[in-house]
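# Analysis of the macromolecular model
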Amino acid sequence: MLGLNVDYSTKIPNNIGLTEDRRVLKALEGWHPGYIDWWMDMGPEGFQESLVYLRTAVSVDPKGWAKFDYVKMPEYRWGILLAPQVEGRTVPFGEHYGEPAWQEVPGEHRAMLRRLIVIQGDTEPASVEQQRHLGKTAPSLYDMRNLFQVNVEEGRHLWAMVYLLHKYFGRDGREEADELLRRRSGSTDHPRMLGAFNEATPDWLSFFMFTFFTDRDGKMQLESLAQSGFDPLSRTCRFMLTEEAHHMFVGETGVGRTIQRTCEAMKEAGIDDPHAVGKVRALGVIDLPTIQKKLNLHYTLSLDLFGSEVSTNAANAFNAGLKGRFEETKIDDDHRLSNATYPVLKLVGGEIKRVDEPALTALNMRLRDDYTADCAKGVERWNKIIEKTGVDFRLALPHVAFHRHIGEFRDVHATPVGEIIADAAWEKQKEQWLPSASDGDFINELMKPEFDTGKFASWIAPPRVGIDNKQGDFEYVKIAA
Ligand SMILES: [Fe+2]
Ligand SMILES: [Fe+2]
């Protein structure tokens, strides 16, 4: 099938016939050196010369699209890969519902579309910047390889958005593409666009929580952009989602293996009480209450990424046919939401109440609910791991009013079960719910690198299967290449 295989003969691998599109090829070749400079400055620190066992896309066919090999990260073949065009595709929602999907930018919605692409694009390099110091404390070569795989793919996702900007937006697209290389995570004068992407990722548990919770926000955003009536955006996002699945796998299994090791160590030492934090920590593992606090932090930072519960921007993007709902085409309704309502949690007279809002303006809330349901399934799988070891403890997602900086609950304090409390009560108890400085210090002490082939740091269990079915002693990263 045409467009499935990737052309590696050009400097920029692609499945979109870039050699025939001289203008865009030239623009991307012009952007390339700046990208490499950015990668050398802001990419994984200390491992740019190492040989890493990475997967590279060779096809966009969902079955068997990747090939594995050793590669130095700066030589990774970042390509432009779009899912195959679906013949006869129509705009699946909004005012233009049922019209043929657009192959060119719809003029009236140009600014909104560009903004959606730039916001998505900005998150991709941000996470690479946030994670750049982690290689040095990797708990194994297996984990180090997974970190670098996520990093190079986030780099590729930046390419994906930059391609759309260069191909469809002319001069202002070029300027936006340059700006994407100029902003920096956590910078005071040039920060990344969204809050969670300016937070530090100081340790490996944070990294795993980030890939579980924040990459999953990415998945939800990509899912809704994959519904877009602007077909090139839809096709780009559909392929990105196949890569995103691995990022969430890294997060879920990373946290899962941490939990597993903690519970095993407790059992071996005969400790039954999961709240005996000091005793558990003395075993060189991360106690479950601290894991819950990390979960609370990363889940709530990620909830903020969905924006305000009630939003006219979200309604406009839907009406315009640019950004749909999660699994839009599987939903059985008019796909215009003319008269529909959706229940939204709001703060009414100091109390949390469920209020019916027009479904159009409640789209952020709906996507966030879908996200929460998806997170909850993963948390249940973690609880299964705990249960199997016989330890009496359950992890839970906190209430959506807890620890929020955006939306309905940004001005109040709530407990993890959703009780509104006074500022003083919050100050007194917040260290029971969110990681404290001393929790951070403890985790940092544990972050001793383990670079021996097939070995793992004290606080994390080995994976059940290797990457690309490799055996346990496989050298995933040849550090001193
Ligand atoms: Fe991404
Ligand atoms: Fe990702």
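Residues numbered from 1 in each chain as written. Chains lettered and ligands numbered in written order. Predicted model: local features only at pLDDT ≥ 70, side-chain atom pairs only at ≥ 80, totals over all residues. Heavy atoms only, no water.

### Here's the deal with the overall build of the chain
Heads up, the rule is: Helix and strand labels come from DSSP, where a helix needs a run of H or I of at least four residues and a strand needs a run of E of at least two; each type is numbered from the N terminus. Only C-alpha atoms enter the radius of gyration, while the globule expectation follows 2.2 Å times N to the 0.38, with N the number of residues. Relative accessibility decides the category of a residue: with a 1.4 Å probe and only protein chains considered, values under 20% of the type maximum give buried, values over 50% give exposed, and everything between is partly exposed.
If you tally the helices and strands in the chain, you get twelve helices and seven strands. In terms of overall size, the chain behaves like a compact globule, its C-alpha atoms giving a radius of gyration of 23 Å where 481 residues would be expected to give roughly 23 Å. With respect to the principal axes defined by its C-alpha atoms, the chain has extents near 65 × 65 × 40 Å. Scored against the burial criterion, the 481 residues of the chain give a buried share of 56%.

### Topic: the coordination of the iron ion (ligand 2)
Rules: Water is not among the atoms examined, so metal sites may look incomplete; donors are the N, O and S atoms within 2.8 Å of the metal, or within 3.2 Å for Na, K and Ca. Just to be clear on the cut-offs, tetrahedral is four donors with all angles between 85 and 135 degrees, square planar is four donors and octahedral six with opposite donors over 155 degrees apart and all others between 65 and 115, and anything else goes down as irregular.
Surrounding the iron ion (ligand 2) are the protein donor atoms E154 (OE), D215 (OD), E244 (OE) and H247 (ND1), at 1.9 to 2.2 Å. For the iron ion (ligand 2), the four donor atoms in the first shell make angles of 90 to 168° at the metal, a pattern classed as irregular. Along the chain, the residues that donate to the iron ion (ligand 2) are spaced as E-x60-D-x28-E-x2-H. In this structure the iron ion (ligand 1) is found 3.5 Å away from the iron ion (ligand 2), and E154 serves as a bridging donor for the pair. Placement of E154 in helix α3 (residues 141–168) and of E244 in helix α6 (residues 231–269) is noted, with a sequence separation of 90 residues between them. Classification of E244 by relative accessible area gives buried; the value is 3%.

### Section: the coordination of the iron ion (ligand 1)
Octahedral metals with six donors have ideal donor angles of 90 or 180 degrees. Tetrahedral metals with four donors have an ideal donor angle of 109.5 degrees. The protein atoms that coordinate the iron ion (ligand 1) are E124 (OE), E154 (OE) and H157 (ND1), at distances spanning 2.1 to 2.2 Å. Linear spacing of the donor residues for the iron ion (ligand 1) on their chain is E-x29-E-x2-H.

### Considerations on helix α8 (residues 288–304)
Our working rule: In this scheme, a helix's expected span is set at 1.5 Å multiplied by one less than its residue total.
Helix length check: α8, at 17 residues, gives a terminal C-alpha distance of 25 Å against a target of 24 Å (1.5 Å per residue), a fit within 8%. Along α8, 16 of the 17 residues are buried, which leaves the element largely enclosed by surrounding structure.

### Description of the pattern of salt bridges
Any two side chains of opposite charge can pair if their charged atoms end up close together. How we decide: A carboxyl oxygen of Asp or Glu within 4 Å of a side-chain nitrogen of Lys or Arg is what we treat as a salt bridge.
Taken as a whole and judged by the stated rule, the model has 38 salt bridges. Notably, a salt bridge pairs D374 with K219, separated by 2.9 Å at the nearest N-O pair. Residue D374 is found in helix α10 (residues 363–389), and its partner K219 is found in helix α5 (residues 204–225); the two are separated by 155 residues along the sequence. The same class applies to D374 and to K219, which are both buried. A salt bridge links D439 to R281, with the nearest nitrogen and oxygen atoms 2.8 Å apart. Here R281 lies in helix α7 (residues 277–281) and D439 lies in helix α12 (residues 437–446), a separation of 158 residues in the sequence. Of the two residues examined, D439 and R281, each falls in the buried class. Within the structure, one salt-bridge network assembled from shared partners comprises D122, E129, E179, R182, R183, R184 and R192.

### Digging into the packing of α6 against α10
Basically, it comes down to this: Here the axes come from fitting lines to C-alpha atoms, over the contacting stretch only for helices, and the angles between their N-to-C directions go from 0 to 180 degrees. Oblique is the label for any angle not under 35 degrees, not over 145, and not in the 65 to 115 range, which are roughly parallel, roughly antiparallel and roughly perpendicular in turn. Note on convention: the crossing is left-handed when the near helix lies turned anticlockwise from the far helix by less than a right angle, right-handed when the turn is clockwise. Whether two residues are in contact is decided by their heavy atoms, any of which lying within 4.5 Å being enough. Residues are sorted three ways: Asp, Glu, Lys and Arg are charged, Ala, Val, Leu, Ile, Met, Phe, Trp, Tyr, Cys and Pro are nonpolar, and all the rest, Gly among them, are polar.
The contact between α6 and α10 brings their axes to 9 Å, and the two run at 20°. By the angle class used here, α6 and α10 are roughly parallel. Between α6 and α10 lies a crossing whose hand is right-handed. Touching G251, E252, V255, G256, I259, Q260, C263 and K267 of α6 are G378, R381, W382, I385, I386 and T389, all from α10. When grouped by side-chain class, the residues that make up the contact of α6 with α10 number six nonpolar, five polar and three charged.

### Observations concerning the side chain of T389
Examined against the element boundaries, T389 turns out to sit in helix α10. With relative accessibility at 18%, the residue T389 sits in the buried group. Here T389 is in contact with C263 and K267, once residues within four sequence places are set aside.

### With respect to the environment of M193
Tracing the chain through its elements places M193 in the loop between α4 (170–182) and α5. Of the residues examined, M193 reaches a relative accessible area of 30% and is grouped as partly exposed. Linking M193 and F326, residues 133 residues apart in sequence, is a C-alpha distance of 23 Å. Excluding residues that lie within four positions of it along the chain, M193 makes contacts with R115, V118, I119, D122 and R183.

### Quick word on helix α1 (residues 22–42)
Spelled out, the test is: Two axes are fitted around each residue, one to the seven residues ending there and one to the seven starting there, and the angle between them is reported as the bend at that residue.
Taking 1.5 Å of rise per residue, 21 residues should cover 30 Å, and α1 covers 30 Å from first to last C-alpha, within 8% of that figure. Residue H32 marks the point of greatest curvature in α1, where the axis turns by about 30°; the proline P33 follows within four residues. If you check which residues of α1 are buried, you get V24, L25, L28, W31, H32, Y35, W38, W39 and M42. Tucked into the core, α1 has its buried residues touching α2 (110–130), α3 and α4.

Everything listed here is a matter of geometry and, on its own, says nothing about what the molecule does.
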